[in-house]
Amino acid sequence: MALIKCIECGQMMSDRAEACPNCGARPGIQNQTVTPQLQPIRDKRKSGKSKGVLISVIVFVLALLSTIGYLFANDSKWTKPHFYSSLIEAYRGDPYYQYYLGDWYWEEEDYGNAVKWFAKSAAQGYSDAQFFLGVCYENGLGVSQDFEQAARLYRESAEQGDNYAKWKLGQACLYGAGVPKNAELAFQLFHEAAIEGIAPAIAELGICFEKGLGTSQDIDKAISLYQQAAEQGSQNGNVYLANCYWDGIGVAQDYNEAVRLYREA
């Protein structure tokens, strides 16, 4: 059965009816059959894709809001105007802002989140992030301790010219932490970083001269380097110099001076 339009009154009636129930006119050949209109069927693939995009946006927003809430609850400095743009750029994948966010977590001693953001930045070749991620691996902060990973990250950062990374890689080479022992390479790395004024590297360069590691032994040079490092606030510089005073190596034995230096370290 189909619906047709009465040619007399325009009302709808059955095509099987003998007369229009409204006006009584009989149906004729000029009556028109009305075909029901069907709603178009949506493309399920497009619908599914739209839902996926919507879910991703929701997850992004929730993560962003969660981070904002955490940071605001712990440090008022993140209420500065640049905060929003910095955080958004980090979530968008900018390596500098990812490192920036990781550094904030680092200062808060939230090493798990620090590692998360340092890793994102380091994966894009950002040298500062590589260095700090290396420190995390070396010391087991927010991640399982792994000297090989630490040495790899220090090398990647050092190859980009980071002098602190050269110092840490030099330590790894000197003591065989994650890499084979190589005193000559350690001495070279300490020397390169020391020239740039990196205090802990200056102290380690002194060790090389004191012990004759990777270079000829030179006690006077070692003492001079320890003093220079100590003056710049290096803890190791104070300790190495204190050891010399305690044992009378290159200086007159002086327990009082040794104790003073140990206390400053």
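The structure we're discussing is the one just above.
Residues numbered from 1 in each chain as written. Predicted model: local features only at pLDDT ≥ 70, side-chain atom pairs only at ≥ 80, totals over all residues. Heavy atoms only, no water.

Comments concerning the overall build of the protein chain
Of the regular secondary structure elements, the protein chain holds 12 helices and three strands. Residues classed as buried in the protein chain amount to 37% of the 265 residues present. Put simply, of all contacts in the protein chain between residues at least 6 apart along the chain, 38% involve residues at least 24 apart. For the protein chain, the accessible surface area stands at approximately 15,600 Å², while carbon and sulfur atoms represent 50% of it. (Helix = DSSP H or I, 4+ residues; strand = E, 2+ residues; numbered from the N terminus. Buried < 20%, exposed > 50% of the residue type's maximum accessible area, 1.4 Å probe, protein only. Contact = heavy atoms within 4.5 Å. Areas by Shrake-Rupley, 256 points an atom, 1.4 Å probe, with all protein chains shown as cover.)

Brief notes about the nonpolar core
Counting residues in each nonpolar core, the largest one holds 58 residues, and the members touching the most others are Trp106, Phe118, Leu133, Phe190, Leu205 and Tyr226. In contact with Phe190, other than residues within four places in its own chain, are Trp167, Gly170, Gln171, Leu174, Ala201, Glu204, Leu205 and Cys208. (Core = buried A, V, L, I, M, F, W, Y, C linked by side-chain atoms within 4.5 Å.)

So, helix H9 (residues 199-211)
Between its first and last C-alpha, H9 extends 19 Å over 13 residues, near the 18 Å set by a 1.5 Å rise per residue. Counting buried residues along H9, 12 of its 13 residues qualify, which places the element largely inside the surrounding structure. Looking at the buried positions of H9, the neighbouring elements they touch are helix H7 (163-175), helix H8 (183-195), helix H10 (219-231) and helix H11 (235-247). Downstream of H9 by one or two residues, Gly212 has phi in the positive range, about 70°. (Expected span 1.5 Å × (residues − 1).)

Re the packing of aromatic side chains
Scanning all chains against the criterion turns up 20 aromatic pairs. Residues Tyr96 and Tyr97 carry aromatic rings whose centres are separated by 5.0 Å and whose planes lie at 75° to one another, so their mutual orientation is edge-to-face. For Tyr97, a relative accessible area of 25% corresponds to the partly exposed category. For the pair Tyr96 and Tyr126, a centre-to-centre distance of 6.2 Å together with 70° between the ring planes defines the contact as edge-to-face. (Phe/Tyr/Trp six-rings, centres within 6.5 Å; stacked < 30°, edge-to-face > 60°.)

Things to note about the pattern of salt bridges
Applying the stated criterion across every chain yields a total of seven salt bridges. A salt bridge links Glu138 to Lys168; the shortest N-O distance between them is 3.1 Å. Of this pair, Glu138 sits in helix H5 (residues 127-139) while Lys168 sits in helix H7, and the two are 30 residues apart along the sequence. The pair Glu138 / Lys168 is uniform in exposure class, with both members buried. As a salt-bridge pair, Glu257 and Arg260 come within 2.5 Å of each other at their nearest N and O atoms. Placement of both Glu257 and Arg260 in helix H12 (residues 255-264) is noted, with a separation of three residues, approximately one turn of the helix. Judged by relative accessible area, Arg260 falls into the partly exposed class, the value being 37%. (Salt bridge = Lys/Arg side-chain N within 4 Å of Asp/Glu carboxyl O.)

In short, geometric facts, not functional conclusions.
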